[in-house]
Amino acid sequence: MLGIDGCLNRIMEIPGARSVTLVDGASGLAVAAAGHRDRLDQHEDAAATTEAVRSVLACPAFGTGRAGDDITEIIVRGTRGFHLLTLFGQTFDGQLFLHLSVDHDKGNLALARIHVQRLIEEMGVTGDER
Amino acid sequence: MSGKALAVTAADPGNEETRILAELRRLEKERRTGVLRVGDEGAFHVAEGAVVFAGSRRATGLDRLAVGSGMVSTEEWGRIRLGGLDGAPGLPRPQLEMFALLALFDAAYFLLGSAAVPRFGAGPAHWLAPLCRVTPATLAHECARRRDRLDAVWPVPPTDLAPVVPVRRIRRQRVVLTGLQAELLLNADGRRTPAELALDLGRTTYGCLLAARELGAAGLIRPAAVRAPRAAPPAPVRPPAPAAQWSPPDMDVLVRLRTALKECM
């Protein structure tokens, strides 16, 4: 069976993928990463995206107010690329999430989302199964 | 009040931290395999120079993280321990890897801050060696980041060692909590410290320390009364509940009350 690094390497095969970081939101730890230029990059990425995810989670306007509502994805689009933040749900200690950065010209948002979801399921980490 | 001395981890990267770190760096250079014991506080396991596992009696262990997640039972975990990596059908490999890394960094945070003397003993590689490999430089960087983050949230170290006591009145209309913060508040009984709650909940100790400081900064738990640090690890047997305590008096209310009484007379 694939380990974490194997899974992340497969995510890097998504067309246009620039870098991917698996982050523990409870501590801001970069659990694993692929595609970063150097090791420090991934830790800075993890710390910064943790802040972003936390602010979104804490923002009441992003909820529907319905019971059981939870945030599962955050998408940030720029002119040169997009960022996909996929939250794993409550299965793990703290809020584990994946940050995928994709090039605008080579990548496709819908395709990237499907690939990431499939990989997360393969990791045995299905998010919210309701 | 010497808050710094009470911090769960040594708040300043003094000689002790560099001594343990220097030892890890030496082991990395010489590509050694074995166990680096840090006093009686725990140990780093190294394989060919890389840190492959760490355990600290101050941090929630790997077994508690795995079992506490509800993904494996205690018996299944026992089988995984006996059967090694091949005998882990109950837990997909990426998840075992993730728990191992969370436990490693959690323990390393407390071990690197320890003042104890490190002692290395050569031996066979830890059973998790094929899963995680972390360099001492990465550990040092991550621990420094964690320390800074704790202090950035709420620079009140005694919170780490004091029982989590929720406030009685919340002077706001609305409160937003993360899942972990809610778990701490819901399970706080006024006696257990963040580390004890972490052990009980099967959460990382650092994650709970951070959540407790966030709760403190948000005014949701009472600022800790300064207490002496505990010498012993969290006892499995909980002490009996103390008698109900009064919250400290609010001076403003007392002054207004006195003024009002004077006017009545």
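Residues numbered from 1 in each chain as written. Chains lettered and ligands numbered in written order. Predicted model: local features only at pLDDT ≥ 70, side-chain atom pairs only at ≥ 80, totals over all residues. Heavy atoms only, no water.

**Comments concerning the nonpolar core**
Okay, step 1: Grouped together as the largest cluster of nonpolar side chains are 74 residues, with contacts concentrated most on Leu8, Leu22 and Leu100 of chain A together with Phe44, Trp77 and Leu139 of chain B.
Okay, step 2: Sorting elements by how many residues they give to this core places helix α5 (residues 93-112) of chain B first, with 15 residues.
Okay, step 3: Residues from two domains meet in this core; each of domain 1 (19-153) and domain 2 (164-223) of chain B gives at least three.
Okay, step 4: Those residues within four positions of tryptophan 77 of chain B in sequence are excluded, and the remaining contacts are Leu62, Asp63, Ala66, Val67, Val72, Leu91, Leu96 and Trp127 of chain B. (Core = buried A, V, L, I, M, F, W, Y, C linked by side-chain atoms within 4.5 Å. Buried < 20%, exposed > 50% of the residue type's maximum accessible area, 1.4 Å probe, protein only. Helix = DSSP H or I, 4+ residues; strand = E, 2+ residues; numbered from the N terminus. Domains from an automatic or database assignment. Contact = heavy atoms within 4.5 Å.)

**Side note on the sheet that holds strand β4 (residues 81-87) of chain A**
Okay, step 1: Read across the sheet, five strands follow the order β2-β1-β5-β4-β3 (chain A) without closing on themselves; strand pairing throughout is antiparallel. Each having just a single partner strand, β2 (29-34) and β3 (73-77) of chain A make up the two edges of the open sheet. Here the average twist between neighbouring strands, direction ignored, is 15°.
Okay, step 2: With seven bridges connecting them, β4 of chain A and strand β5 (residues 96-103) of chain A associate as antiparallel partners. Bridge pairing in β5 of chain A links leucine 84 of chain A to leucine 100 of chain A.
Okay, step 3: Contacts from helix α3 (residues 109-122) of chain A reach β3, β4 and β5 of chain A within the one sheet, and its direction differs from that of β4 of chain A by about 30°.
Okay, step 4: This element, α5 of chain B, spans β1 (17-24), β2 and β5 of chain A of the sheet and lies at about 130° to β2 of chain A. (Pairing = 2+ DSSP bridges. Axes fitted to C-alpha atoms, helices over the stretch in contact; angles between N-to-C directions.)

**A closer look at α3 of chain A**
Side chains that are three or four residues apart share a direction in an α-helix, a result of its 3.6 residues per turn.
Residues and elements named next belong to chain A.
Okay, step 1: The end-to-end C-alpha distance of α3, which contains 14 residues, comes to 20 Å, matching closely the 20 Å that a straight helix rising 1.5 Å per residue would cover.
Okay, step 2: Taken together, the buried positions of α3 are Leu109, Ala112, Val116, Leu119 and Ile120. Around the axis of α3, the buried residues are gathered within 100° of arc, so they sit on the same side.
Okay, step 3: Measuring from the backbone nitrogen of alanine 110 back to the side-chain oxygen at the start of α3 gives 3.0 Å, which picks out asparagine 108 as the cap. (Expected span 1.5 Å × (residues − 1). Arc of directions from axis to C-beta. Polar contact = N/O pair within 3.5 Å; in protein donor to acceptor, adjacent residues only side chain to side chain.)

**Let's talk about the interface of chain B and chain A**
Okay, step 1: The partner chain A presents 32 residues to the 29 residues of chain B that form the contact.
Okay, step 2: For the pair chain B and chain A, the summed buried area comes to about 2,600 Å², and 61% of that belongs to carbon and sulfur atoms.
Okay, step 3: Glutamate 51 of chain A serves as the salt-bridge partner of arginine 149 of chain B, at 2.8 Å between the closest nitrogen and oxygen.
Okay, step 4: Inspection of the chain B/chain A interface yields six residue pairs in polar contact (both at pLDDT 80 or more).
Okay, step 5: Looking at the side of chain B that touches chain A, the elements with two or more residues in it are α5, α6 (136-153), α7 (179-187) and α9 (205-217) of chain B.
Okay, step 6: Examining the composition of the side of chain B that touches chain A, we find that nine residues originate from one element, α5 of chain B, more than from any other. (Buried area = accessible area lost by both parts, 1.4 Å probe. Salt bridge = Lys/Arg side-chain N within 4 Å of Asp/Glu carboxyl O.)

**Let's talk about unusual backbone geometry**
Residue and element names in this part refer to chain B.
Okay, step 1: If you check the backbone angles, arginine 31 has positive phi at about 55° while not being a glycine.
Okay, step 2: Relative to the elements of secondary structure, arginine 31 occurs in the loop between α2 (15-29) and β1 (34-38).
Okay, step 3: Given the relative accessible area of 54%, arginine 31 is considered exposed.
Okay, step 4: The backbone phi angle of glutamate 48 is positive, close to 50°, even though this residue is not glycine.
Okay, step 5: With respect to the helices and strands, the residue glutamate 48 is situated in the loop between β2 (42-47) and β3 (50-56).

**Examining the packing of α6 of chain B against α9 of chain B**
All names here are of chain B.
Okay, step 1: Two elements in contact, α6 and α9, have axes whose closest approach is 8 Å; the angle formed by their N-to-C orientations is 20°. One finds that α6 runs roughly parallel with respect to α9. The handedness of the crossing between α6 and α9 comes out as left-handed. Where α6 approaches α9, its residues Arg146, Arg149, Leu150, Asp151 and Val153 are matched on the opposing element by Tyr206, Leu209, Leu210, Arg213, Glu214 and Ala217.
Okay, step 2: Looking at the contact of α6 with α9 residue by residue, the class counts come to six nonpolar, no polar and five charged. (Parallel < 35°, antiparallel > 145°, perpendicular 65-115°, else oblique. Left-handed = near helix turned anticlockwise from the far one by under 90°. Nonpolar A, V, L, I, M, F, W, Y, C, P; charged D, E, K, R; others polar.)

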